[in-house]
Amino acid sequence: MSGKNFLFTSESVTEGHPDKVCDQISDAILDEFLSKDNRSRVAAETTVTTGMALICGEITADCYVDIPQVVRDTIRNIGYTGTCSGGFDADTCAVLTSIDEQSTDIGNGVNKAFESRSNNADTSVIETEELGAGDQGIMFGYACNETPELMPLPISLAHKLSYRLAQVRKQGLVDYLRPDGKSQVTVEYKDGKPFRIHTVLLSTQHNPSISGIADNEKVQEIIKNDLKKLVIDYVFESCDIKPDEDTIILINPSGRFVIGGPQGDSGLTGRKIIVDTYGGYSRHGGGAFSGKDPTKVDRSAAYASRYVAKNIVASGLAEKCEIELAYAIGVAEPLSIMVDTFGTGKISDEELSALVSKTFDLTPAGIINKFDLRNLPKKNGGKFYQLLAAYGHMGRTDINVPWELTDKAEELKQRATSCGLGCI
């Protein structure tokens, strides 16, 4: 999209959105298993609806986890309790589980790849088990210089709005908000660069009355005034590009949002993959993250591709960069590595691809070792992946996320220079 004038929109949702409830439950289960047995194989799927949460999937582990308790604790932390429950209460909802062990065919294929590589006397691998990819698939990573965290501006702003909306509720700055909510931001681009804020949209679940006022028109007026000040103005205060007098501000445009959460819509793990990544600004391989242990390249390789793309942009070798990785189940090395800098690269995309192959270990074991993916929950008090399950897995600055490091940027720059691949 370089060199064009266009509008681009990205959305985010709060932790109380029914799909995000499911993502957080699935990742809370993963956190608990990895904290007790860091070799756990987990593929946990969740669906929620009025009065019920269903957890199913495949888990193989050498430990016991009280899954119903993890589910209830997660729902409670999100805020679905008491008067805010709306037909979905942490203490009274039914929790159903249907869990099998991981397929031995998958497990054997993953383990076999390690044995094959071990027989070739490769001693560089710290990981002593499961080296092969846990599934086939394609993963994309992306970075650009539109924000300090090297993320596209629309999704960065949308996440900040959703996160702030939840903060306002949880901190009790107003007493009428309920957990479900959405944000959406449209940015106007000129010559491929963010130019102005075209539209800001917030939708929030709320009590039917506020301070004894039941008239919906007056209720919505209170909500609009409060959220304009406490959420929109708060978020944009620290931004270089702010809403102007022509920016369209929409708050609860449907006119009323009382019934929400799992009572309003059923939820499902993995149904917000664009929210989880780049807001649609980059391509997506289709694989979701939540509830999957690190042997699943849908998750681990997506983190690695973000890490590669971010380091390329941080090195100054490109203004924007997209990475595609492809894997086969049970095979360690990526089948392909693609780099696309959209014409902004200081060197060719083919030369960058060669640099990536030389600089990064993109085998599943290499990724797991580099980011210490098995041990992150235990290192962070038993909760890590659940924190990523709302407000994005990429570009996070509120959590110490290893794939957001730019520790390879200087090495990439030096390699490019020493190889004579352009002047940096």
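Right above here is the structure, for reference.
The structure presented is a predicted model; accordingly, all values stated were derived computationally and were not measured. (Residues numbered from 1 in each chain as written. Predicted model: local features only at pLDDT ≥ 70, side-chain atom pairs only at ≥ 80, totals over all residues. Heavy atoms only, no water.)

Participant: Summarise the pairing of strand S5 (residues 137–144); cite the residues concerned and give the values.
Facilitator: Among the 8 residues in S5, 7 count as buried, and that is most of the element. Bridge analysis of S5 against strand S10 (residues 320–327) gives 8 bridges, and the strand direction is antiparallel. For Gly 137, the partnering residue across the bridge sits in S10 and is Tyr 327. (Buried < 20%, exposed > 50% of the residue type's maximum accessible area, 1.4 Å probe, protein only. Helix = DSSP H or I, 4+ residues; strand = E, 2+ residues; numbered from the N terminus. Pairing = 2+ DSSP bridges.)

Participant: An account of the packing of helix H8 (residues 297–314) against helix H10 (residues 364–371) is requested, with residue identities and associated values reported.
Facilitator: Across the interface, H8 lies against H10 with an axial gap of 10 Å and an inter-helix angle of 65°. Classified by the interaxial angle, the pair formed by H8 and H10 is roughly perpendicular. Pair H8 / H10 crosses with left-handed handedness. Residues Val 297, Ser 300, Ala 301, Tyr 303, Ala 304 and Tyr 307 of H8 lie in contact with H10, whose contacting residues are Pro 364, Ile 367, Lys 370 and Phe 371. In terms of residue class, the contact of H8 with H10 is made up of 8 nonpolar, 1 polar and 1 charged. (Axes fitted to C-alpha atoms, helices over the stretch in contact; angles between N-to-C directions. Parallel < 35°, antiparallel > 145°, perpendicular 65-115°, else oblique. Left-handed = near helix turned anticlockwise from the far one by under 90°. Contact = heavy atoms within 4.5 Å. Nonpolar A, V, L, I, M, F, W, Y, C, P; charged D, E, K, R; others polar.)

Participant: Describe the sheet that holds strand S7 (residues 193–206), with residues and values.
Facilitator: By definition, the strands of a sheet pair up through backbone hydrogen bonds, in either a parallel or an antiparallel sense. Spatially, S1-S6-S7-S8 is the arrangement adopted by the 4 strands of the open sheet, whose pairing is mixed. What marks the edges here is a single partner per strand, and that holds for strand S1 (6–13) and strand S8 (243–251). Each neighbouring strand pair of the sheet contributes to a mean axis angle of 20°, computed without reference to strand direction. The pairing of S1 with strand S6 (residues 177–190) spans 8 bridges and is classified as antiparallel. Opposite Phe 6, over in S6, you have Tyr 189 as the bridge partner. Packing of helix H4 (residues 153–170) onto the sheet brings it into contact with S1, S6 and S7, and relative to S6 it is tilted by some 155°.

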